[in-house]
Structures are given as structure tokens and as C-alpha cells.
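# Summary of the model geometry
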Amino acid sequence: MATQRLNQITAHLTTAPTSAVSQSAKIGQKSPNDVVIVCALRSPIARAKKGGFKDTLPEEILAQVLKAIIEKTKLDPKLVQDVSVGNVLTPGGAATVSRQAVLYAGFPDTTSVSTINRQCSSGLQAVVNIANSISTGQIDIGIGAGMESMTKYYGPTAMQAEYSDELTSFEPAADCLIPMGETSENVAAEFKISREKQDAFAALSQQRAFAAQEKGLFDEEIVPIKTKVVDAEGNEKEIVVSKDEGVRKGVTAEKLAKLPAAFGDGGSTTAGNASQVSDGAAAVLLMRRSVAEKLNMPILGKFVTAAVVGVPPRVMGIGPAFALPIACEKAGIKPSDLDIVELNEAFASQAVYTIEKVGLSLDKVNPKGGAIALGHPLGCTGARQISTLFTELKRTGKRLGANTMCIGTGMGMAAIFERE
């Protein structure tokens, strides 16, 4: 059934809109109206329920990252006109607490704030929303951010208590409620992604992340976060979280092969080849190029374009395989032209499918590891990937990068960036 639906939508997903290339920033060219990235920082990613942020609210983490953006760039916070925050799980859409975080971080009440929930791509969508506001002349300076505490809000309480019987009697709508782990199993079964491939990919993610962490390759993008933890006896202690907590030493495919399937006998998705439940925040400062130059701000690179597509909900993980080629076409390039691709590893099954479907070189995908090793705080990841991407582009002298991810309920998103 999924293959039939996929065939039905493939025709219009494989071609970008006719006018799209002319509306995107031109790669290799500079314009005063380019949307440029001035600073991209993130918190460490902590393990949900048991890590350094288990007693910390997401807005408290975000506030410290926002403060670090101001401190690093020396930007007058009064110049920031709008902030968009991606979040998935916080009650009330995180609207009130995001505004609190922005004000607490030192921005004046003249800085407006909105929140966005496009599930796993919320952080990236927040950045794209700000980029679009700059490109259309609504603002000159803004911040796209993301935050999530899966410690505080992940679980049954994050789901609605009631769903429409009428809507869920329609199969595609009912498929939107399939648990994410089961969609991973559907991808593996439908597209024949073996357990061996999944475990090999997951082991590589951990190995790359461990090597990068040992070499300090994440240090430039990470803001150490001061917070407090409460032990089992109720004692409170102040700590500083400075490193991603999910990275493990000595992970091999052979060790992962011993883990049981997480979603029923005969399955291939396990705790070792799926993304980790995590807490964290990230923020990206964007400006119009002419304004950044006037303010003598450092320019990391520019936002080129983005694309979002829909795919069958029961195989939601395949979204990047369709979003990334469209984003590349809009940018006037091929996927093979990309130097680095930050592909969110929601599950190894969908990551392997995307790599094979698009024809990506594994050497270019997540060179410092991905969400299987680092963790996936849902609303944060899309913004987090930008900080990871630009530090690696800078370190290696590479130029073109992309962020892409699958999205719950059946979507995919991708964005193209160019380093200065």
C-alpha cells in the first residue's frame, strides 16, 4: 500500500516549482539582500530522564543559549526584531515560556516572539521562518531557535486525549497516529533495509561522534549550561553541562546486533539504532547581508533555500529522500554537489533509505555523528544541525551543506546553506 501511494506522489515531488530557482539565493554569488548566518550555537544534548537537564525546563536552557549569542557577537539585543522558536512537546505550544526566555536573556520587550511546531523539523522551520521574513523585507535581524525537554513532556501526556472517529476512519489520517517506532519498522520492511545495515550505520554514528568529541570538534558550537540537579534524596547540586551525554565509546555493529527489537518480535528497530530521547536547545542569528556588513558582524555563510514535502504517514521516515533533491534543484545544484549533509537520524532505517535513495556518499553524511549518538530533542534538532554543519564546514574548508530530516505524520524538510 505504501509503495502505491509513494508512486502516486513521486511525480510532483521530484521537480521543484518552475520559479523556485530564481527565488533562491544564488550559490557562488553575493547580494546585499542575502540572508546570512552570523552565529549558531547550541547547548549540549543531555539524556532525558537521567541526564544533566532532567530538572531543567527547556526555556531555561534556551535562555542561556540566547545570552551566549549576544555575548559572542556583542550585538545590541535591541536590534533583534523577531525570534521564532521551534518546539514540539511543551504545553501551550511553548508560546509563553519562549517569550519569557527571550526577555530573560536580555532582549527588550520590542523584540517579538513566535513559536512553531512542525514536529521534528521545528527548529529548522523556525530558522527558515526568520530567513523568509528577512528575504521579504519584513525584518533585517532575527533569531531562529529550537528547544525541547523530553524529560518533562515526552510520553503519553504529550498526546491528545481524544481523536476524531470520523477522521481516523480514513486510513491515511489514521496512519498519522502510528507510533514513530512502528513507522521505522514499516520503512525497513517496505524498502528492505536490513537489521545489519541499520546496526552498521548506528555504530558508525557513535564512532564518529565519539571521535569528534574526543578531538573537541563540538566545543566551538556548544554553550556550557549552568543548572541544578536533584538527587534521589532530594538534595540539589549546581552543575555545568558541557558535553553531549549520549555519545558512547566502543560501540560496534556486533554489540548492537545483540539488542532486542523495540517494537515487537521480528522487528529491526532497537534502542541502539534509533535516536535518543533527549533535552537541549539551539539558536541561530540571521541578518540581511547589508546590515551584517554595516554592523561589522562575522558572516558564517548564507541561507540558500529550503523545501518541505509530504509523504505517506506510515513511512514518514522517507521524507528527506524527497525533500533534499527538491531543495537542491531549487538551489541549482545536485545532491552530489553537497560537501556535508546533516541528516537527522530519527532511525537508522530511514537514514539508510535516504542515503541509498538519493545516492549520497556516506563520507559526506553526518561526519561528526548524528542523533543516534547525540540525541534528538525534537524541537531543537533542526537548529542544532546548523551549528554542527557550519563548524564542520569551517574546519574542513568545505562550502556547501544541507540539513534534512523526516517529520512525524509523513513529511520531509531540507535546507541548503553556503559557507562564506
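Conventions used here
Residues numbered from 1 in each chain as written. Predicted model: local features only at pLDDT ≥ 70, side-chain atom pairs only at ≥ 80, totals over all residues. Heavy atoms only, no water. Helix = DSSP H or I, 4+ residues; strand = E, 2+ residues; numbered from the N terminus. Rg over C-alpha atoms; globule rule 2.2 N^0.38 Å. Buried < 20%, exposed > 50% of the residue type's maximum accessible area, 1.4 Å probe, protein only. Contact = heavy atoms within 4.5 Å. Areas by Shrake-Rupley, 256 points an atom, 1.4 Å probe, with all protein chains shown as cover. Core = buried A, V, L, I, M, F, W, Y, C linked by side-chain atoms within 4.5 Å. Polar contact = N/O pair within 3.5 Å; in protein donor to acceptor, adjacent residues only side chain to side chain. Salt bridge = Lys/Arg side-chain N within 4 Å of Asp/Glu carboxyl O. Pairing = 2+ DSSP bridges. Axes fitted to C-alpha atoms, helices over the stretch in contact; angles between N-to-C directions. Parallel < 35°, antiparallel > 145°, perpendicular 65-115°, else oblique. Nonpolar A, V, L, I, M, F, W, Y, C, P; charged D, E, K, R; others polar. Disulfide = S-S within 2.5 Å.

## Describing the overall build of the chain
- Looking only at helices and strands, one finds 16 helices and 12 strands in the chain.
- Over its C-alpha trace the chain gives a radius of gyration of 20 Å, about what one expects of a compact globule, namely 22 Å for 420 residues.
- Summarising its shape, the C-alpha atoms of the chain cover approximately 60 × 60 × 50 Å along the three principal directions.
- A burial count over the chain gives 56% of its 420 residues as buried.
- Long-range contacts, defined as pairs at least 24 residues apart, comprise 82% of the intrachain contacts of the chain with a sequence gap of at least 6.
- A total of about 17,200 Å² of accessible surface is found on the chain, and carbon and sulfur atoms cover 52% of it.

## Things to note about the nonpolar core
- Counting residues in hydrophobic clusters, the biggest one holds 40 residues, and the most contacted among them are L324, I333, L338 and I416.
- Among the secondary structure elements, those contributing two or more residues to this core are helix 9 (180-190), helix 10 (195-214), strand 9 (301-310), helix 13 (319-331), strand 10 (340-343), helix 14 (348-358), strand 11 (400-407) and strand 12 (411-419).
- Contact partners of I416, with chain neighbours within four places excluded, come to K302, F303, V304, T305, L324, A327, C328, A331, I333, L338, G401 and A402.
- Counting 38 residues, the second largest nonpolar core, distinct from the first, contains V38, L66, A101 and I143.

## Here's the deal with the environment of N403
- With respect to the secondary-structure elements, N403 resides in strand 11.
- In sequence terms N403 and L57 are 346 residues apart; their C-alpha atoms lie 26 Å from each other.
- Contact partners of N403, with chain neighbours within four places excluded, come to L124, E342, G382, Q385, I386, L389, M413, A414, A415 and F417.

## Digging into the side chain of Q198
- Here Q198 shows up in helix 10.
- A relative accessible area of 0% means that Q198 is categorised as buried.
- Polar side-chain contacts of Q198 include one of 2.9 Å to the side chain of S268.

## Re the pattern of salt bridges
- Applying the stated rule across the entire model yields 21 salt bridges.
- The closest approach of N and O atoms between E356 and K197, which form a salt bridge, is 2.8 Å. Here E356, found in helix 14, pairs with K197, found in helix 10; they are 159 residues apart in sequence, far enough to count as distant.
- Owing to a relative accessible area of 44%, E356 belongs among the partly exposed residues under this scheme.

## Let's talk about the pairing of strand 10
- Of the two faces of strand 10, both are covered, the one formed by I340 and E342 as well as the one formed by V341 and L343.
- Bridge count for strand 10 against strand 11 is 4 bridges, and the pairing is parallel. Residue pairing for strand 11: V341 is matched across the bridge by A402.

## Description of the packing of helix 10 against helix 14
- The geometry of helix 10 relative to helix 14 is characterised by a closest axis approach of 9 Å and an angle of 95° between their N-to-C directions. Between helix 10 and helix 14, the crossing angle belongs to the class labelled roughly perpendicular. Side by side, helix 10 and helix 14 meet where K197, Q198 and F201 of the first sit next to A348, S349, A351, V352, I355 and E356 of the second.
- Of the residues contributing to the contact of helix 10 with helix 14, the split by class is 5 nonpolar, 2 polar and 2 charged.

## So, the state of the cysteines
- Taken as a whole and judged by the stated rule, the model has 0 disulfides.
- No disulfide involves C39; its sulfur sits 15 Å from that of C380, the nearest cysteine.
- Summary of cysteine pairing: C176 is not part of a disulfide, and the nearest cysteine sulfur, belonging to C120, is at 14 Å.

## Let's talk about the environment of N87
- Considering the arrangement of structural elements, one finds N87 in the loop between strand 3 (82-86) and helix 4 (95-104).
- On the basis of relative accessible area, N87 is assigned to the buried category, the value being 2%.
- Looking at N87, its side chain comes within polar contact range of the main-chain oxygen of M147, at 2.8 Å.

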